[in-house]
Amino acid sequence: MRLHRLTVTAFGPFAGTETVDFDALAAGGLFLLRGATGAGKTSVLDAVCFALYGETPGARRANRLRSDHADPKRLTSVELELTLGGRRLQITRLPEQRRPKKVGTGTTVERAQTLLREWAADTGDGTPGWRGLSTSHQEAGEEIHRLIGMNREQFCQVVLLPQGDFARFLKADSEERGKLLRRLFDTERFQHVEAWLAEQRRGQEAAVQAGRRRLRDLASKAEQAAGPGAEPAADWVPAEDDDAGLTAGVLDWAAVLRSGAAEQLAVTEAALASAEAAQRAAQAHREAAEELAGRQRRHREALDRAERLAGFDPAAAADRRRLTAAQEAVGVESALRLRESAAEALRRAQQAERRHREALAASGGDGRALAGADAAGLAEADLRLRAEVVRLETARTEERRCAELDHEQGSLTDDRRAAEELAEEAEDWLAEFEGELSRLEQQHTEARSATAQVEQLDGQRTELTARLGAARERDGLRAEIAAAEPRVTALRTAALDAREHSLDLRDRRLSGMAAELAEQLCAGEACRVCGSPEHPAPAEAAPGSRVGAEDEERARRAQAAAERVWTEADQALTALRVREATAVGAAGPDGTESLAQALAGLEREHREARHAAEALGRVEQEITRLSQDRARRVEELHEAKERAAVLSDRLLALGTEQRTLAARVAAARGEAASVADRSAALTRLTEAVAAAASAARAHAEAAARLDEAEGELGKAAAAAGFPDAEAALAVLLPREERERLEARLEQHGAETAAVRRELALPELAEAAGRPPVDLPAVAAGLGAATDRFGRAHAARAAAHERCGALAAIGRQLAGLAAELAPALNRYGRINRLAALAAGTSAENRLRMRLESYVLAARLEQVAAAASDRLVRMSGGRYTLVHSDDRGTGTKRSGLALRVVDAWTGTERDTATLSGGESFFASLSLALGLADVVTDEAGGMPLDTLFIDEGFGTLDEHALEEVMDVLDGLRERDRTVGIVSHVADLRSRIPAQLLVRKGRHGSTLALAGREDA
């Protein structure tokens, strides 16, 4: 993974848009992020993490990522270009944030956005460019995680070594170190294995315990079924925690119980056969005794009934005579009932006629006169009144029509009034139309003028904005020129001084050349100048004036470097002056302040003109609406006048019709309030007359039926042989009484005949001559035999049931034994594995859990990788080793770290290291952790690494050792970014990213060593 470019907008302390070119910054492999406290150095790392994972390291929340200094209209965003797995990607993220509404006032929530793009050689039209991959948070996150191979926690621990966090790993205890390693190496699957083994153990243990409970339940059932005298189970059932031979003893004990039960069954079957024979003999003896006793009882009962029936004979003769007389008078009964019915009907008819005539007389008027008429007169009056009611129905229809005409005239009058009011309202509106139209046309003209003014002001504002920008650039360039001119002058002076110094050294070397040659002369050797082997007076150099070739070359290089720096500075100053001249031409003669004021005034004019121009559409809509309203009002006026005329004609026709009908209704109504009242009164009188006539006719008919019934009653009495009807009625009995006498006489005769037949039976006479039977003694003998038989049968049934129950329990025990055998085997294996993985087994000497064992192996790799660097940082003194020491109490072991001191040969706790030693030990651990995690993640190369603070605890020698290690990382083609305040690092690391803070937010800039 290599970072190329980072762009942040309104992020953290950065109010505007800031860009970091990591390609330029990391060209040397090592760069420094420096700035004042709180300027935002760590925020650069936060931005990298947010771009990759949508979250920042630590506990910062996404809604606090937005800069408090930023313009409300500027959205917070982070854009990162990087290479992952050989692919050039661009990630753009915007967190959820509030922004001003585009329409109206107030703010609204801008949802979080993610854009993942990839650089492609061909985007579809033959040209290279960015090709979109995804706009989904989830899809982009999954793709980045797949390419990096690490989650956010791993990335922050391996790539972004945060403030104080990478030292936390060194100082942590085993529990904390385990939590960190668990997050980095994702060993959750081993936790799942432990949990799975524990779950399997619990499941197998539950199955074994359930089998053990079933075994004990079956043993209890067998002991209960065998009875109190059977072999006890205590000596055969194993203890609670004894799994070996769990079922063998119980099976043997069950076989002993079944054998004893079979012997008891044979004994009870023999006893049952003997008791059954005795019970059958006692049963036969009781049946014979009961039969003899029954015959003797029947003979005594027959004698008693014969004596009782003889006492009823006189009463039976009297009942027979009374029944005969009543049967002869039965023929008169129907005629008597007919006469009584006719007399009752006549009485009711008389009452009804009297009641109806009184009601007719109470009605008054014509009713009082008709109350005394006979039936014929009442019938004639009824017909006359009904004809009058029919005639009044027509008059009632006309009366209802008169009422409808009144209602219709009122409704038509209201409609005509509404039509006239509508016409008047339309005329008033049309009278005001012209004035309103003129006002809107004037506003339309003003809005069109404002629209043209807006277009003109747009051009002026664009020109003035460009001039203001050029003026500000001009002022900035002038400030830069003013600052650069003294520096160029100083560099020119330094270059001239270096040139003069170089020439001086050259002259001094030429002057001392004889002494330099003289130093090369040897006695007896020829001089390279004169050829003489003798050197009587060799030249000598003056003290302190010796100049060698190296001095001359060093001065020449210093001269060249000073001239090159001066030339570059002079060229830069010339470029600034060219840009300043261009800006002067673009800005014009006006100052920045006057241009800004002019632009502000122009902005106000533009806003006012735009506000006036925005009314154009509204005015046009109002004019269109006003024209449409005029057409509608004209149509409403025409329709209202036509409707008023039609309604007036209709009202005249209805008035004529109403006057004609009113005359006819008044004639039909008479003295009544209305035709309906007159018709109702006449209808009530008609009904009363009809009821009185009907009652009179019913009275006459009832009197005739009574005369006929009297004649029929006399004829029936004579036919039955009675002198008159009263004699027949004296002996007449109701039908129920006659039926009761007949039944009683028939029952008496039947009982007498039955008793005579019973006394004539020979077996009853023979039984009566024998002595009485003692039934209680016979029953007692049978009861004793039955009780013996019942006890024998119950004993045999119990023995049989015991055998069956024990046999069934034996089969269940055998099945349970076969079922428990593999379960016990599985439980033994899984229990041993689960205890070993959980670290609770005696076989696990270190009490190390499975996950801890895996993490210990990873920690051992980390310690080995860290020691390679720690040896260099500590000058060969310290190495880190992983310790398997067993923890105290209930603590587990396997995740301890120890430091080995080569100077003393002792191994001690990491807490004994000093501040500086702790830093480079922590840094070594962090780098080793990065290597191991990288290998664990699939070997994805991590070309960029950030270290946040910690160098202030190092002395000069330790800092030198640490920088050598970091240089080693650079040699492996890895870029290392250091976040620090340490001043020595500014001189050691040329490439620097300077973070400056101000009242309006922080900014980023590349800085060289001269900016330190």
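Our next topic: the overall build of the protein chain. For the protein chain, the count of helices and strands is 25 helices and 17 strands. Scored against the burial criterion, the 1012 residues of the protein chain give a buried share of 38%. Excluding contacts between residues fewer than 6 apart, the proportion of contacts in the protein chain whose partners are at least 24 apart in sequence is 74%.

The next thing to look at is the sheet that holds strand β8 (residues 113-120). Spatial ordering of the open sheet is given by β2-β1-β4-β5-β8-β9, a layout of 6 strands whose pairing is antiparallel. Whereas interior strands pair on both sides, the edge strands pair on one side only; in this sheet they are β2 (14-21) and β9 (129-134). Averaged over all pairs of adjacent strands, the angle between strand axes in this sheet comes to 20°, irrespective of strand direction. Note that strand β1 (residues 2-11) and β2 share 6 bridges and pair antiparallel. By the bridge assignment for β2, L6 is matched with V20. Sheet contacts for helix α2 (residues 41-53): β1, β2, β4 (77-84) and β5 (87-94); angle to β1, the most-contacted strand, approximately 100°. Contacts from helix α3 (residues 137-148) reach β4, β5, β8 and β9 within the one sheet, and its direction differs from that of β5 by about 140°.

Take the sheet that holds strand β13 (residues 906-909) next. As summarised here, the arrangement of the 3 strands in space is β11-β12-β13, forming an open sheet in which the pairing is antiparallel. Looking along the sheet, the strands with just one partner apiece sit at the ends: β11 (878-883) and β13. On average, each strand axis in the sheet is tilted by 35° relative to the strand beside it, whichever way the strands run. Summarising the sheet, strand β12 (residues 896-901) and β13 pair through 4 bridges and their orientation is antiparallel. Bridge pairing in β13 links V899 to R908. On top of the sheet, helix α22 (residues 850-873) reaches β11 and β12; it is set at about 175° to β11, its chief contact.

We now examine α2. Over its 13 residues, α2 runs 19 Å from end to end, which matches the ideal 18 Å to within 8%, given 1.5 Å per residue. K41, S43, V44, L45, D46, A47, V48, C49, F50, A51, L52 and Y53 are the residues of α2 that are buried. Looking one or two places after α2, you find G54, whose phi comes out positive at around 75°.

What tends to happen in soluble globular proteins is that the nonpolar side chains get buried as a cluster. Grouped together as the largest cluster of nonpolar side chains are 68 residues, with contacts concentrated most on L6, L52, L82, F155 and F169. Take this core: its biggest share by element is 9 residues, from α2. Residues in contact with L82, not counting those within four places in the same chain, are M1, R2, L3, H4, L52, R87, R88, L89 and I91. Membership of the second largest hydrophobic core comes to 14 residues, among which are L30, M873, F919 and L923.

Before going further, it helps to spend a moment on unusual backbone geometry. Look at A10: it is not a glycine, yet its phi comes out positive at around 50°. Considering the arrangement of structural elements, one finds A10 in strand β1.

Once that is clear, we can look at a negative patch on the surface. Where like charges cluster on the molecular surface, the negative patch consists of E420, E421, E424, D428 and E432. Examined against the element boundaries, E424 turns out to sit in helix α12 (residues 375-511). We classify E424 as partly exposed; its relative accessible area is 48%.

Looking now at the side chain of H4. Locating H4 in the fold gives a position in strand β1. For H4, the residues in contact, after removing those within four places along its chain, are V20, D21, F22, D23, E81, L82, T83 and R88.

Bringing the environment of G828 into the picture now. Locating G828 in the fold gives a position in helix α21 (residues 775-838). A residue is classified by how much of its surface remains accessible, and G828, at 39% relative accessible area, is partly exposed.

Position of H137 among the secondary structure elements: in helix α3. Apart from residues lying up to four places away in sequence, H137 is in contact with A112, Q113 and T114. Among the polar contacts listed, one links the side chain of H137 to the backbone oxygen of A112, at a separation of 3.1 Å. Among the polar contacts made by the side chain of H137, one reaches the side chain of T114 at a distance of 2.5 Å.

Right, let's talk about the packing of aromatic side chains for a bit. Evaluated as defined, the whole model comprises 5 aromatic pairs. Measuring from centroid to centroid gives 6.1 Å for F22 and F946, while their planes differ by 75°, and the two rings are edge-to-face. Separated by 924 residues along the polypeptide, F22 in helix α1 (residues 22-25) and F946 in strand β14 (residues 944-948) bring together distant segments of the chain. Assigned by exposure class, F22 and F946 land together as buried.

Should the charged atoms of two oppositely charged side chains come close, the side chains can pair. All chains considered together, the criterion is met by 23 salt bridges. Across the pair R87 and E118 runs a salt bridge, and its minimum N-O distance is 3.0 Å. Here R87, found in strand β5, pairs with E118, found in strand β8; they are 31 residues apart in sequence, far enough to count as distant. With relative accessibility at 22%, the residue R87 sits in the partly exposed group. E563 is the partner of R499 in a salt bridge, and the nearest nitrogen-oxygen pair spans 3.7 Å. One end of the pair, R499, is in helix α12; the other, E563, is in helix α14 (residues 549-587), with 64 residues separating them in the sequence. A single network of salt bridges, built from pairs that share partners, joins R87, E118, R131, E143 and R146.

Rules behind the numbers
- Residues numbered from 1 in each chain as written.
- Predicted model: local features only at pLDDT ≥ 70, side-chain atom pairs only at ≥ 80, totals over all residues.
- Heavy atoms only, no water.
- Helix = DSSP H or I, 4+ residues; strand = E, 2+ residues; numbered from the N terminus.
- Buried < 20%, exposed > 50% of the residue type's maximum accessible area, 1.4 Å probe, protein only.
- Contact = heavy atoms within 4.5 Å.
- Pairing = 2+ DSSP bridges.
- Axes fitted to C-alpha atoms, helices over the stretch in contact; angles between N-to-C directions.
- Expected span 1.5 Å × (residues − 1).
- Core = buried A, V, L, I, M, F, W, Y, C linked by side-chain atoms within 4.5 Å.
- Patch = residues over 30% accessible without salt bridge, like charges linked within 9 Å, V, L, I, M, F, W, Y side chains within 5 Å.
- Areas by Shrake-Rupley, 256 points an atom, 1.4 Å probe, with all protein chains shown as cover.
- Salt bridge = Lys/Arg side-chain N within 4 Å of Asp/Glu carboxyl O.
- Lys, Arg positive; Asp, Glu negative; His and termini not counted.
- Charge placed at Lys NZ, Arg CZ, Asp CG, Glu CD.
- Polar contact = N/O pair within 3.5 Å; in protein donor to acceptor, adjacent residues only side chain to side chain.
- Phe/Tyr/Trp six-rings, centres within 6.5 Å; stacked < 30°, edge-to-face > 60°.

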